[in-house]
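Here are the chains, one letter per residue:
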Amino acid sequence: MTDTSISSTVRRRRKFRRPPATLIAGGSIVGVIVLLAILAPLVTSYNPTTINLLSMLQGPSAAHWLGTDQLGRDIWTRLIYGARTDLSVAFIAVLAPFAIGTVLGAFAGYLGGWLDALIMRLADVVVAFPFYVLVILLVFLLGPGTSSIYIAITVVSWISYARIVRGTTLVAKNQEYILAAQLQGFSTLRIIMRHILPNVISQSIVFAMSDIVNDILAIVTLGFLGLGIPPPAPDWGEMMASGQQFLTTHWELTTIPGFAVVITGLGLSLLGDGLNELLGRN
Amino acid sequence: MTTLSSSTGPLLQVENLCIDVTLVGGKKTVPAVRNVSFQVEAGEAVGLVGESGSGKSLTLRTILGILPNGVRATSGRVLFEGVDLLKAPKRTVNRLRGTGITMIFQEPMTSLNPIAKVGEQIVDAARAKHSWSKSEAGEHALSLARHMGIPDPENTLSLYPHELSGGLRQRVMIAAALACQPKLVLCDEPTTALDVTIQAQIIRLLVQLKDELGMSMLYVTHDLAVVAQLCQRLEVMYAGSIVESGLVRDVFRQPDHPYTQGLARATPDVDAVVDQLTGIRGNAPTLGNWPHGCAFHPRCDYATDECRTGNFPLRETSTGRASACIHIDRLHESMAKEGSR
Amino acid sequence: MTVTILDFNDVTVSFMARRGKTKKPINAADHVTFSVRKGEIFGLVGESGSGKSTLARLAVGLNSAASGSVVFDGMVLANGKRPRPLRRRIQMVFQDPFSSLDPRMTVRQQLMEVLKVHDAIPAGERAAHCEKIFAQVELPISLLDARPSQMSGGQRQRVAIARALLLSPELLVADEPVSALDVSVQAGIVQLFADLRSQLGVSIFFIAHDLAVVRHLCDRVAVMYMGKIVEEATTDQLFSNPRHPYTRALLDSIPRLLPDAHEQVVAPEGEPPSLSRLPSGCRFRSRCPNATEKCVSEEPSLIAVTSTEANSSHLASCHYANDLEVYVGRNRTS
């Protein structure tokens, strides 16, 4: 009878409460990277694709902050433009699985029955294979190209969202406000879209944050294997791959983009954690 | 540290206990219990009464040191047989659990181990403190079960908690709690989740055990009528403080605090001929939003400007009774005018 | 001829219950018959396993009756999905004020949504209608734009009641609406139900486990035990002259605020039987102090309690309903 949980006895006031540290840290890192990516032409005057065979493999200097690669292209420039390419593809790639998976998961959880069974069996099949293996396989089959990447990632990732949302929906649908909505004769569509989804979507969003990291890694891996975003667009994976032959002499060609991947992944993970904490507070 | 009980001083003495709660998000800390003092004598049952948010459960849990994360006792003393449990080393407190102090919870489903037979749980409780063999402890468990009115103990004790009804589970929990014959039993609303006929059985059992074993009880509840059946004295809590204290029969015949009066009036009386139910206007303040001065004043019919600021500690009104209210005379006047209940 | 708004005619609701390895059907409500009259507040009381919640859900269409019929305003209610106009006329208030409102929408949004879906009130008038209903449940208009998490339990329950009143229902089914509230807040909600009946004439089917609340609110009461009605009477009759041993046991079990010093705590013996293994004859016989051989062999049915009042409708399901000694109860004075 008595509600003894502490958090629910506090009336929410419009007071500013410091966001979680992880959110600030992650947000800053990702923020800086995104800002650099957007402002690329302002940050660097070089063209990432222009080949200049006269200044190949130069070390860091005032003209080239991080040096040049084997085709004379400025590494810093390629890094920033690579961020543009990889991040934008990753963000776009996460949207379709998020949307499709969330909606299907909500319907499956709410309606149960054959839809639920179908989705769960599909999930079992997809989950049996490692994520990267499937994505690489699909891109290989579809032929390299940005649209193949989108299709492959969507086909493989939507399942995770569906499972998460199905789980939270199963809990949400037993709440009495859902029962009240049913009793009022609200249509199933209205109940799912307006009452279930807003209450379960936060978990999905948090997962999307960590999924972007997976997607970036997948894109970079594909680039490394030559199946990624087609040249001449700069891509961290491709940079790492082509820099391999110079590992002993100019290790920075491979290491620097690798480092960029790590930092970006870290930032996104922290951001996801911070979001999780923030949404958990509510 | 001798263990002679009941010779000198009360069994349990809580002095100026303050408990703070750190709110979700980790940024703000608010008081949940302020300067609470009371005592329990040997063989006495004391009721700790209040509604949600009064701090009664936290006060109880502080005694055994089982506060949730983010909740801390910041000052005050909790003396059990003269030993301050808040400052004593963990070993000392652990030694007291079972033989000195035990606790009975509201929801037996979550406080009993779901994958152990109930008989085993009683046996484990007994053997934790006494060096009995399994068969000796088993015998003790059986006789305890019979004493608790558990039907067909040999078979019932070999069942799992989910196979028993709520009332039976509660009896098992009581048996496990009493397996070591503690001196003080802390009860956290043990009958709130039970049907009223089963509640009556459990209350009868507790009264009987208290008389037979001479144990003391500190009984937390929101139900005034249950306190009336079970306890000799009561402490009424509101917004983290005790607002009234005294013998049960005195307090209910004539409350010395407007909140106690309001609570008594709001409790629907099944024998009453009164038509209207009167509640207390307004809402109970939530943690961190306690009004200044007397926390009850926004809802009080007798409040004056004096009530809006300052502190209102308990003051003795007559032998054995205390109240935090400064307008007791007006309260009694208006009660006299209405006629007694 | 008293006009009834809701009739349960020999209704049985059964569920499959698992007992060990086998699945057995159990009757949560077993051949139940009673009626709620128009404009009255009817209390249905029982402990867990009595079947009272089952009947509440049946009234709003959340359950199906395995046999018997439920009649609303003369119209037989079929099992299954109900048309919207019917849903308007029967509304429900739930027990838990914390989970019966959507935590993410403001109160206004939730109320307006109901009006929008039912389209019973023209769009331009909806806001005013919400405010009128809000005033009826005695909530300040400012709370319309608040979220449920910003409100207390009592306030949320009033919002839930407001939501139920939006479409001017003829019958309110209230499933333990005050059980989850603090006692100081309970009184206000109980009084609100009484006021709504007198002001709006709405009939109220009030399910509760607390007999004391029922005494203060209801006109007539039925007591259920293990799926059956054991007693039905006006409130006055039930409390002054209970004629079923279970009703008496229930009344005796309730703790009083001012017990006499020498009074023992009174409690009935034994546990309620499991619904899947009911005793033969009367279901209460295993706990009844007056049980005889007849109680073991023959299940009693509701019989009329002899009364000096004309048109008395006091029924009790006990072979000895009219032979029990006068009920003194625990109350010496009043």
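Owing to the predicted nature of the structure, the values given are computational and were not obtained by experimental measurement.

A few words on the overall build of chain C. Within chain C one finds 10 helices and 12 strands. Reported as C-alpha extents along the three principal axes, the dimensions of chain C are approximately 70 × 50 × 50 Å. A fraction of 66% describes how many contacts in chain C between residues 6 or more apart in sequence connect residues 24 or more apart. Counting only carbon and sulfur atoms, one obtains 50% of the accessible surface of chain C, whose full area is about 13700 Å². If you average the places of the 38 positive and of the 35 negative side-chain charges in chain C, the two averages end up 8 Å apart.

For the rest of this paragraph, the subject is helix H5 (residues 153–165) of chain C. Relative to the 18 Å expected for 13 residues at 1.5 Å per residue, H5 of chain C spans 18 Å between its end C-alpha atoms, a close match to the ideal helical length. In terms of residue burial, H5 of chain C counts as a mostly covered element, since 13 of its 13 residues are buried.

On to the environment of Met 103 of chain B. Residue and element names in this part refer to chain B. Looking at where Met 103 falls in the secondary structure, it is placed in strand S6 (residues 101–104). Along the primary structure Met 103 and Val 185 are separated by 82 residues, whereas in three dimensions their C-alpha atoms are 5.5 Å apart. When sequence neighbours within four positions are dropped, the list of residues in contact with Met 103 reads Leu 60, Arg 61, Leu 64, Ile 66, Ala 177, Leu 186 and Asp 188.

It is worth spelling out empty space enclosed by the protein at this point. Under the criterion given, the structure shown has 8 cavities of 30 Å³ or more. By volume, the largest cavity is sized at about 120 Å³. Around the largest cavity, the lining is made up of 14 residues, and of these Leu 183 and Gln 184 of chain A together with Ile 90, Gln 91 and Met 92 of chain C lie nearest the centre. Listed by contribution, the elements that provide at least two residues to the lining of the largest cavity are helix H7 (176–183) of chain A together with helix H2 (84–89), strand S6 (90–93) and H5 of chain C. Residues belonging to the lining of the largest cavity are distributed by class as follows: 9 nonpolar, 2 polar and 3 charged.

Facing the 42 residues of chain B at the interface are 40 residues of chain C. Inspection of the chain B/chain C interface yields 2 salt bridges. A salt bridge links Asp 271 of chain B to Arg 256 of chain C; the shortest N-O distance between them is 2.8 Å. In terms of residue count, the dominant contributor to the side of chain B that touches chain C is helix H8 (residues 196–213) of chain B (9 residues). For the side of chain B that touches chain C, the per-class residue count stands at 21 nonpolar, 12 polar and 9 charged.

The next point concerns unusual backbone geometry. Peptide bonds are, in most cases, trans, and in most cases residues other than glycine have a negative phi. Residues and elements named next belong to chain C. A positive phi angle, close to 50°, is found at Asp 10, a residue other than glycine. Considering the arrangement of structural elements, one finds Asp 10 in strand S1 (residues 4–19). We classify Asp 10 as partly exposed; its relative accessible area is 38%. A positive phi angle is found at Ser 168, which is not glycine, with a value near 50°. Looking at Ser 168, the relative accessible area reads 56%, which means it is exposed.

With that out of the way, let us pick up the nonpolar core. Counting residues in hydrophobic clusters, the biggest one holds 105 residues, and the most contacted among them are Leu 12, Ile 122, Met 148, Ile 174, Leu 186, Leu 218 and Leu 234 of chain B. Per-element accounting of this core gives the leading share, 8 residues, to helix H7 (residues 166–178) of chain B. Apart from the residues lying within four places of it in its own chain, the contact partners of Leu 218 of chain B are Leu 12, Phe 38, Val 40, Val 46, Leu 60, Ile 63, Leu 184, Val 185, Leu 186 and Cys 187 of chain B. Counting 82 residues, the second-largest nonpolar core is a separate cluster that includes Ala 106 of chain A together with Ile 133, Ala 174 and Val 190 of chain C.

Further remarks concern the sheet that holds strand S2 (residues 29–40) of chain B. All names here are of chain B. Read across the sheet, 4 strands follow the order S2-S1-S4-S5 without closing on themselves; strand pairing throughout is antiparallel. Each of the sheet's edge strands pairs with one partner strand only, and the pair in question is S2 and strand S5 (83–84). Pairing analysis gives 8 bridges linking strand S1 (residues 12–22) to S2, with the strands arranged antiparallel. Residue pairing across strands places Val 21 opposite Val 30, the latter belonging to S2. Across the sheet, helix H1 (residues 56–64) lies against S1, S2 and strand S4 (71–80), angled at about 110° from S1, the strand it touches most.

A separate point is the sheet that holds strand S8 (residues 216–221) of chain B. All names here are of chain B. Taken together, 8 strands build an open sheet; the order of strands is S6-S7-S8-S3-S9-S10-S12-S11 and the sheet is mixed. If you trace the sheet from one side to the other, it starts and ends with S6 and strand S11 (315–318), each paired once. Between one strand axis and the next, the sheet turns through 25° on average, direction left out of account. Examined bridge by bridge, strand S3 (residues 45–49) and S8 share 5 bridges and lie parallel to one another. Within S8, the residue paired with Ala 45 across the bridge is Met 217.

As for its placement among the helices and strands, Thr 235 of chain C is situated in helix H8 (residues 235–240). Residues within four places of Thr 235 of chain C in sequence aside, it is in contact with Val 214, Arg 215, Cys 218, Asp 219, Arg 220 and Val 221 of chain C.

A separate point is the confidence of the model for chain C. Averaged over every residue, the pLDDT of chain C is 89; the share at 70 or more is 96%. As a predicted assembly, this complex carries a pTM of 0.85 together with an ipTM value of 0.88.

Looking now at the environment of Leu 57 of chain A. Residues and elements named next belong to chain A. Mapping Leu 57 onto the fold places it in the loop between helix H2 (40–43) and helix H3 (75–111). Taking relative accessible area as the criterion, Leu 57 reaches 23% and is therefore assigned partly exposed. Each C-alpha atom, one on Leu 57 and one on Tyr 46, is 16 Å from the other, the two residues being 11 residues apart in sequence. Not counting residues within four places of it along the chain, the set of residues in contact with Leu 57 comprises Thr 68, Asp 69, Gln 70, Phe 246, His 250 and Leu 253.

Let's shift gears to the side chain of Thr 169 of chain A. Tracing the chain through its elements places Thr 169 of chain A in helix H6 (residues 146–172). Setting aside its immediate chain neighbours within four residues, Thr 169 of chain A contacts Gly 105, Ala 106, Gly 109, Tyr 110, Ile 196 and Val 200 of chain A.

Here we take up the packing of aromatic side chains. The tally for this structure, following the rule as stated, stands at 16 aromatic pairs over all chains. Geometrically, the ring pair formed by Trp 65 of chain A and Trp 76 of chain A is tilted, given 5.6 Å between the ring centres and 45° between the ring planes. Highlighted residues: Trp 65 of chain A in the loop between H2 and H3 and Trp 76 of chain A in helix H3, separated in sequence by 11 residues. A relative accessible area of 51% means that Trp 65 of chain A is categorised as exposed. Residue classification places Trp 76 of chain A among the buried residues on the basis of a relative accessible area of 19%. With a centroid separation of 4.8 Å and an interplanar angle of 35°, the aromatic rings of Phe 8 of chain C and Phe 34 of chain C are classed as tilted. Taken as a pair, Phe 8 of chain C in strand S1 and Phe 34 of chain C in strand S2 (residues 22–37) lie far apart in primary sequence, 26 residues in all. The pair formed by Phe 8 of chain C and Phe 34 of chain C is uniform in burial state, with each residue classed as buried. Put simply, the rings of Phe 8, Phe 34, Phe 42 and Phe 205 of chain C touch in pairs and so form one group of aromatic residues. The ring of Phe 186 of chain A has Arg 190 of chain A sitting right over it, with the charged end atom 5.9 Å from the ring centre.

This structure, assessed with the given rule, holds 35 salt bridges over all chains. Put simply, Lys 210 of chain B and Asp 211 of chain B hold a salt bridge, and the shortest N to O gap is 3.6 Å. In this structure Lys 210 of chain B comes out as buried when scored by relative accessible area, which is 6%. Ionic pairing is found between Arg 126 of chain C and Asp 119 of chain C, a salt bridge with its closest N-O pair at 3.0 Å.

Procedures and definitions
- Residues numbered from 1 in each chain as written.
- Chains lettered and ligands numbered in written order.
- Predicted model: local features only at pLDDT ≥ 70, side-chain atom pairs only at ≥ 80, totals over all residues.
- Heavy atoms only, no water.
- Helix = DSSP H or I, 4+ residues; strand = E, 2+ residues; numbered from the N terminus.
- Contact = heavy atoms within 4.5 Å.
- Areas by Shrake-Rupley, 256 points an atom, 1.4 Å probe, with all protein chains shown as cover.
- Lys, Arg positive; Asp, Glu negative; His and termini not counted.
- Charge placed at Lys NZ, Arg CZ, Asp CG, Glu CD.
- Expected span 1.5 Å × (residues − 1).
- Buried < 20%, exposed > 50% of the residue type's maximum accessible area, 1.4 Å probe, protein only.
- 1 Å grid on protein atoms, 1.4 Å probe; cavity = no way out; pocket = protein on both sides within 12 Å on 5 of 7 lines; lining within 4 Å.
- Points joined across faces, edges and corners; volume = space filled by probe spheres on them.
- Nonpolar A, V, L, I, M, F, W, Y, C, P; charged D, E, K, R; others polar.
- Salt bridge = Lys/Arg side-chain N within 4 Å of Asp/Glu carboxyl O.
- Core = buried A, V, L, I, M, F, W, Y, C linked by side-chain atoms within 4.5 Å.
- Pairing = 2+ DSSP bridges.
- Axes fitted to C-alpha atoms, helices over the stretch in contact; angles between N-to-C directions.
- pLDDT = per-residue confidence, 0-100.
- Phe/Tyr/Trp six-rings, centres within 6.5 Å; stacked < 30°, edge-to-face > 60°.
- Lys NZ or Arg CZ within 6 Å of the ring centre and 35° of its normal.

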